[in-house]
Amino acid sequence: MDPQAAKLIGAGIAMCGMIGAGIGVGNIFGNFLSGALRNPSAAGSQIGNLFVGAALAEALGILAFVMGILIWIS
Amino acid sequence: MADPLHQFQVTPLPGLDFGEVTLPVVGTVHLAFTNSHLAMTIGFLIVVLFLTLVTNGAKVVPGRLQAVGETLFGMIDGLTESIIGHDGKKYFPFVFTIFTFILGMNLLGMFLSFTATSQLAVTATFGVITFGLVVIVGIVKNGANFLKLFWPTGAPLLMRPIVGLIEFFSFLLRPLTLTLRLFGNMMGGHIALKVFAGFVATAVIGAAGWFGVLIFPLALGITIGLTALEFLVAFLQAFVFAVLTCIYLNDVVNLDHAH
């Protein structure tokens, strides 16, 4: 296989890490929403935790993204 | 058409390139005032000017501008207070500085053609400063007890060295994840913006033929939506950086009563 093509395919495959981040962020927001609908009065105080959790889950997807970019431009 | 990565290039501003300079300790460096410097300087000036303006004519009943400043201040104040606790006031200036500076640069990136926080060197500096402060505070405050951070008393005795080792490596990874989160979010967002803006340009100049009539409204709508999302992300990433700084500081400040 042409090395250039293999590199681009590898960069694309590296993006698969985003799948996990998507599942994680979706889980966090879905569970927050179901919890918030059960007890709306407590939901407001947990917004900070919600975004920190989302950012932590998202960071792992970002690692995959950075890896893909690095493979692409190297 | 310029590729989406073109916006991240650091170039010396015209007339401010000083060429190769030999410094006493560092050696030979290429000295220049680049667009990255300019973006950071403007971000710094905006933060300082804004806070000066807010506190200059401070009234008991705040006006609109003062209310914005007080909300920002109160938010970070509440953050340090609720996460670090009683000692939080001591670390408030650091957290507030980092928060406002990152927020200023992130938001400025939405208006300029260059985002300072999409440079790995800039975010890495923030990550290393935060990590260094956490380590220094931990050692100064706790001495040798600092190592208790890696000795989980909640785990069974047999598992403690293994869990401690994992804790240690996850501690060392903190500056890396802090750096890459901010960098990746800003770079990814701006690449996506530029790619969809490129679709709009492709459709408008007629490179896509009659198909452009379909592409144009779709791509323009997505660009507008992404711009709104990027403003949210710009604020959120600054906020998350501040929250994580507080959490990491809390680990070492309240080492004795947290574990």
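All chains use their own residue numbering, which begins from 1 and follows the written sequence. Chains and ligands are labelled by the order in which they are written, letters from A for the one and numbers from 1 for the other. For a predicted model such as this one, the threshold for reporting local features is a pLDDT of at least 70, and the threshold for listing and counting side-chain atom pairs is 80 or more; totals across whole chains, interfaces and linings nevertheless cover every residue.

### Description of the interface of chain A and chain B
Here is step 1 of the chain: Facing the 9 residues of chain A at the interface are 10 residues of chain B.
Here is step 2 of the chain: Each residue gets one of three labels, nonpolar for Ala, Val, Leu, Ile, Met, Phe, Trp, Tyr, Cys and Pro, charged for Asp, Glu, Lys and Arg, and polar for the others, Gly among them. Of the residues contributing to the side of chain A that touches chain B, the split by class is 8 nonpolar, 1 polar and no charged. We call two residues in contact whenever the C-beta atoms placed from their backbones are within 7 Å.

### What about the UniProt feature "transmembrane region" (unreviewed entry) in chain A?
Here is step 1 of the chain: UniProt positions are given in the numbering used here, feature names are shortened, and annotations may be inferred rather than shown by experiment. In the numbering used here, UniProt assigns the feature "transmembrane region" (unreviewed entry) to residues 6-29 and 50-73 of chain A.
Here is step 2 of the chain: Between the first and last C-alpha atoms of residues 6-29 of chain A the distance is 36 Å; the span itself is 92% helix and 0% strand. Numbering of helices and strands runs from the N terminus, with a helix taken as a DSSP run of H or I at least four residues long and a strand as a DSSP run of E at least two residues long.

### Observations regarding the UniProt feature "domain: V-ATPase proteolipid subunit C-like" (unreviewed entry) in chain A
Here is step 1 of the chain: In this structure's numbering, the residues bearing the UniProt feature "domain: V-ATPase proteolipid subunit C-like" (unreviewed entry) are residues 9-71 of chain A.
Here is step 2 of the chain: Within the segment residues 9-71 of chain A, helix and strand shares are 90% and 0% respectively, and the terminal C-alpha atoms sit 10 Å apart.

### Overview of helix α6 (residues 174-204) of chain B
Because each turn of an α-helix spans 3.6 residues, side chains separated by three or four positions end up pointing in the same direction.
Here is step 1 of the chain: One less than the residue count of a helix, multiplied by 1.5 Å, gives the span that helix is expected to have. Spanning 31 residues, α6(B) covers 45 Å between terminal C-alpha atoms, matching the ideal 45 Å at 1.5 Å per step.
Here is step 2 of the chain: Following α6(B) by one or two positions, B:Gly206 has its phi on the positive side, about 85°.

### Comments concerning the pairing of strand β2 (residues 27-34) of chain B
Residues and elements named next belong to chain B.
Here is step 1 of the chain: To assign burial, the other C-beta atoms lying within 10 Å of each residue's own C-beta are counted, with C-beta atoms placed from the backbone; 20 or more indicates buried, 12 or fewer indicates exposed, and intermediate counts indicate partly exposed. Of all 8 residues that make up β2, 0 are buried, and the element is exposed over most of its length.
Here is step 2 of the chain: Strand pairing follows a simple DSSP-based rule, namely that at least 2 bridges must link the two strands. Two strands pair when backbone bridges link them, and strand β1 (residues 12-23) and β2 are joined in this way by 7 bridges, in the antiparallel orientation. Directly across from Thr22, in β2, lies its bridge partner Thr28.
Here is step 3 of the chain: Counting the residues that bridge the hairpin from β1 to β2 gives 3 residues.

### A few points about the packing of helix α1 (residues 35-56) of chain B against helix α3 (residues 88-111) of chain B
Residues and elements named next belong to chain B.
Here is step 1 of the chain: Between α1 and α3, whose axes approach to 9 Å, the crossing angle comes to 120°. Classed by the angle they form, the pair α1 and α3 counts as oblique. Considering only the axes of α1 and α3, their crossing is right-handed. Facing Ala39, Met40, Ile42, Gly43, Phe44, Ile46 and Val47 of α1, the residues of α3 in contact are Thr100, Phe101, Gly104, Met105 and Leu108.
Here is step 2 of the chain: Classifying every residue of the contact of α1 with α3 gives 9 nonpolar, 3 polar and no charged. Axes here refer to lines fitted to C-alpha atoms; in helices the fit is confined to the stretch in contact. Angles between the N-to-C directions go from 0 to 180 degrees. Any angle from 65 to 115 degrees is called roughly perpendicular, while one under 35 is roughly parallel, one over 145 is roughly antiparallel, and all others are oblique. Working rule for handedness: look at the near helix, and if it is turned counterclockwise from the far one by less than a right angle, call the crossing left-handed; if clockwise, right-handed.

### Looking at α3(B)
All names here are of chain B.
Here is step 1 of the chain: Spanning 24 residues, α3 covers 34 Å between terminal C-alpha atoms, matching the ideal 34 Å at 1.5 Å per step.
Here is step 2 of the chain: Along α3, the sharpest change in direction is near 30° and occurs at Phe94.
Here is step 3 of the chain: Turning to α3, its buried residues are Gly88, Val95, Phe99, Thr100, Phe101, Ile102, Leu103, Gly104, Met105, Asn106, Leu108 and Gly109.
Here is step 4 of the chain: Packed against the buried residues of α3 are α1, α2 (64-83), α4 (120-142), α6 and α7 (212-253). To get the bend at a given residue, fit one axis to the seven residues ending there, fit another to the seven starting there, and take the angle between those axes.

### Description of the UniProt feature "transmembrane region" (unreviewed entry) in chain B
Residues and elements named next belong to chain B.
Here is step 1 of the chain: Taking the UniProt record as the reference, the feature "transmembrane region" (unreviewed entry) is found at residues 37-55, 91-114, 120-140, 161-183, 195-219 and 231-250.
Here is step 2 of the chain: Between the C-alpha atoms that bound residues 120-140 there is a distance of 30 Å. The span itself is 100% helix and 0% strand.
Here is step 3 of the chain: In the segment residues 195-219, helix accounts for 72% and strand for 0%; the C-alpha atoms at its two ends are 9 Å apart.

### As for the nonpolar core
In globular proteins that are soluble, nonpolar side chains generally tend to be buried together.
Here is step 1 of the chain: Core membership is restricted to buried Ala, Val, Leu, Ile, Met, Phe, Trp, Tyr and Cys residues, and these are joined into a nonpolar core through C-beta atoms within 7 Å. Ranked by size, the top nonpolar core spans 46 residues in total, and within it B:Ile102, B:Ala238, B:Phe241, B:Ala242, B:Cys246 and B:Leu249 carry the most contacts.
Here is step 2 of the chain: Put simply, the parts of the chain that give this core at least two residues each are α4 (47-73) of chain A together with α1, α2, α3, α4, α6 and α7 of chain B.
Here is step 3 of the chain: Excluding anything up to four places from it in sequence, B:Ala242 contacts B:Ile76, B:Leu79, B:Val95, B:Ile98 and B:Phe99.

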